[in-house]
Amino acid sequence: MKITVYTTPACGQCVSTKRWLDRNHADYNTVDLSKSPQDLAAVKALGYEAAPVVIVNDNGDTHDEKHWFGFRPDLLSEFCKPAQAAA
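Computed from a predicted model, the values in this text were never measured in an experiment. (Residues numbered from 1 in each chain as written. Predicted model: local features only at pLDDT ≥ 70, side-chain atom pairs only at ≥ 80, totals over all residues. Heavy atoms only, no water.)

S.K.: I'm lost on the sheet that holds strand 3 (residues 53–57) in this one. Help?
M.R.: In a beta sheet, neighbouring strands pair by backbone hydrogen bonds and run either parallel or antiparallel. Here we have four strands laid out as an open sheet, ordered 2-1-3-4, and mixed in their pairing. The strands lining the two open edges of the sheet, one partner per strand, are strand 2 (29–32) and strand 4 (66–69). If you compare each strand with its neighbour and ignore which way they point, the axes differ by 15° on average. Of the strands in this sheet, strand 1 (2–7), strand 2 and strand 3 are in contact with helix 1 (residues 12–23), which crosses strand 1 at around 155°. (Pairing = 2+ DSSP bridges. Helix = DSSP H or I, 4+ residues; strand = E, 2+ residues; numbered from the N terminus. Axes fitted to C-alpha atoms, helices over the stretch in contact; angles between N-to-C directions. Contact = heavy atoms within 4.5 Å.)

S.K.: Help me out: how do you make sense of the pattern of salt bridges in this one?
M.R.: Pairing between side chains of opposite charge can happen when their charged atoms approach one another. A full pass over the atoms with the stated rule returns one salt bridge. In this structure, Arg72 engages Asp74 in a salt bridge whose closest nitrogen and oxygen atoms are separated by 2.7 Å. According to the relative accessible area criterion, Arg72 is partly exposed, its value standing at 33%. The partly exposed category is assigned to Asp74, whose relative accessible area is 43%. (Salt bridge = Lys/Arg side-chain N within 4 Å of Asp/Glu carboxyl O. Buried < 20%, exposed > 50% of the residue type's maximum accessible area, 1.4 Å probe, protein only.)

S.K.: Looking at this structure, how should I read the packing of aromatic side chains?
M.R.: Think of a pair of aromatic rings as described by two things: how far the centres are apart, and how the planes are tilted against each other in angle. Under the counting rule described, the total for this entry stands at two aromatic pairs. Relative to Phe69, the ring of Tyr48 lies with its centre 5.9 Å away and its plane at 55°, an arrangement referred to as tilted. A residue pair is termed long-range when its members are at least 10 positions apart, and Tyr48 in the loop between helix 2 (37–45) and strand 3 and Phe69 in strand 4 qualify at 21 residues. With a relative accessible area of 45%, Phe69 lands in the partly exposed category. Pairing Trp68 with Phe79 gives two aromatic rings, centres 6.1 Å apart and planes at 35°, and the pair type is tilted. Separated by eleven residues along the polypeptide, Trp68 in strand 4 and Phe79 in helix 3 (residues 73–79) bring together distant segments of the chain. Neither Trp68 nor Phe79 differs from the other in exposure class; each is buried. (Phe/Tyr/Trp six-rings, centres within 6.5 Å; stacked < 30°, edge-to-face > 60°.)

By themselves these figures say nothing about function.
As structure tokens, then:
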């Protein structure tokens, strides 16, 4: 499972999302949208204008991706399994 959190500086919901993932031992990558115009364009193409944007991909197929924005513990619990649980 691949989890990517797209963030911006001084984003409280970004901090909360990463804190939730850390507490639940989920393996994830972080991308700072202020430093990556290409990733910012990709996130905007998905229709998002606010951070964080979380993208979860179980099998590498972009058609099966789950994505949302904001701190959403309900969706994090549903789609972001801890690394040891996935093994």
